[in-house]
Structures are given as C-alpha cells and as structure tokens.
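Chain by chain, the residues:
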Amino acid sequence: MLLTMLLRFHYDRCLAMNFNDLLALTDEAPVAMRLAPVPAHAGPKEDDPGKGGGDGKGGTETGTITKTRPKTKRPNLYRVLLLNDDYTPMEFVVLVLQDVFNKSREEAMQIMLHVHQKGVGECGVYPYEVAETKVTRVMDTARKNQHPLQCVMEKQ
Ligand code: TYC
C-alpha cells in the first residue's frame, strides 16, 4: 500500500512537469539542454528561406548580390573626310557623296561646297571597318575616273 502511494505520488509529479523539467532530471540530457529551455521555434521559417537557416539543412549559405554590367563596348568611331583639289568636277563629288555616304542631293551639295571653300569636310562618322570601306570606295571610284579626289579617315 505504501509502495502504491509512493509510485502514485511520483507519477503525478511527472505529469505536472513539462518536457524540459523531465530532461533536467536525467543525466543523459546534455548540459546545454538541461540548462537552456528549447525555444518554441528554433529553425528557419519556411516562408523566409533567406534568413538564418541557409538551405534548410543546417548550413549557413551566404549569397552575393552582383550587379551584372553589360559587356558591350562602344566601338571606336572614325570621321571620314573629303579633301579639296582643283581638278575633280563638283558634280562628281556630289554623286560620290550621294552614292557612298547615302546623302541627299541637297546634303551632298552642301558638303561639296564646304570642302571646296574650306579645303576639308566631314562626310560621316563610322566604326573602323565601315569608315575604311567608304574611304576605299571613294578612292577606287576617283582613280577609275582619273580624278585626284582624296578621302581620308581619322579617329574621333
Ligand atoms: N574644288 C573642286 C572644283 O572646283 C571641287 C571639289 C570639291 C573637289 C570637293 C574636291 O572634295 C572636293 N572643281
């Protein structure tokens, strides 16, 4: 009878304890567990994977936010210039400006007159290979027609 009462008392005490109290009674529980109560929520929130828990497997994953820069480089530009001379006919220069540089008749006339008066004038600004092709076309056309017209390019 006494044994039954003792057992009953012990059983009631155990029911009144929470899990941490029970852990504190056992020698198997690690010291940290016995001293510190387990927080109700110790892991990362499922809807907030970026905070605290890393990949959810216990690691601490860190991310680096990098701003990606576009890898496009602006090409070097070259001015294509016509030089004046005393022999190339004005009409030939106007036709070249229309054909090679895609100028309107009026624009071509203006550029030709500018070169005629000032000695040099700009036909356009282009990336290296485009400028080179235009210079070659002007020089080839002038040579075929036996005109001394000169065309050059310079880095802008
Ligand atoms: N000066 C030339 C003439 O009087 C015309 C000319 C204009 C020639 C422009 C070249 O790039 C030039 N016939």
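Located above this text is the structure these notes cover.
Residues numbered from 1 in each chain as written. Predicted model: local features only at pLDDT ≥ 70, side-chain atom pairs only at ≥ 80, totals over all residues. Heavy atoms only, no water.

### A closer look at the packing of aromatic side chains
Here comes step 1: Under the definition given, this model contains 2 aromatic pairs.
Here comes step 2: A cation sits over an aromatic face here: K134 above Y126, 5.1 Å from the ring centre. (Phe/Tyr/Trp six-rings, centres within 6.5 Å; stacked < 30°, edge-to-face > 60°. Lys NZ or Arg CZ within 6 Å of the ring centre and 35° of its normal.)

### A closer look at the packing of helix α4 (residues 90-101) against helix α6 (residues 128-144)
Describing two packed helices takes the angle between their axes plus the distance from one axis to the other.
Here comes step 1: Interhelical geometry of α4 versus α6 gives an angle of 145 degrees and a closest axis separation of 11 Å. Pair α4 / α6 crosses with right-handed handedness. Residue-level contacts link F92, V96, D99, V100 and F101 of α4 to K134, R137, V138, T141 and A142 of α6.
Here comes step 2: Looking at side-chain class alone, the contact of α4 with α6 contains 6 nonpolar, 1 polar and 3 charged residues. (Axes fitted to C-alpha atoms, helices over the stretch in contact; angles between N-to-C directions. Helix = DSSP H or I, 4+ residues; strand = E, 2+ residues; numbered from the N terminus. Left-handed = near helix turned anticlockwise from the far one by under 90°. Contact = heavy atoms within 4.5 Å. Nonpolar A, V, L, I, M, F, W, Y, C, P; charged D, E, K, R; others polar.)

### Focus: the sheet that holds strand β3 (residues 150-155)
Here comes step 1: A sheet is described by the order of its strands in space; here 3 strands give the open sequence β2-β1-β3, paired in antiparallel fashion. Pairing within the sheet leaves two strands with one partner each, and these edge strands are β2 (120-127) and β3. This sheet shows a mean twist of 25 degrees between the axes of neighbouring strands, independent of strand direction.
Here comes step 2: Judged from the 6 bridges that link them, strand β1 (residues 77-83) and β3 form a sheet pairing that is antiparallel. Note that in β3 the partner of V80 across the bridge is M153. (Pairing = 2+ DSSP bridges.)

### Considering the site of the ligand
Here comes step 1: In the neighbourhood of the ligand, the contacting residues comprise L83, N84, D85, T88, M90, V93, M112, V115, H116 and L149.
Here comes step 2: Between L83 and the ligand, the recorded distance is 2.8 Å, taken from a backbone N or O atom to an oxygen atom.
Here comes step 3: One of the side-chain nitrogen or oxygen atoms of N84 is found 2.7 Å away from a nitrogen atom of the ligand.
Here comes step 4: Relative to its free-state accessible area of 340 Å², the ligand is covered by the protein chains to the extent of 89%.
Here comes step 5: No other element matches helix α5 (residues 105-118), which puts 3 residues into the shell around the ligand.
Here comes step 6: Taken together, the residues of the shell around the ligand sort by class into 6 nonpolar, 3 polar and 1 charged. (Near = heavy atom within 4 Å. Polar contact = N/O pair within 3.5 Å; in protein donor to acceptor, adjacent residues only side chain to side chain. Areas by Shrake-Rupley, 256 points an atom, 1.4 Å probe, with all protein chains shown as cover.)

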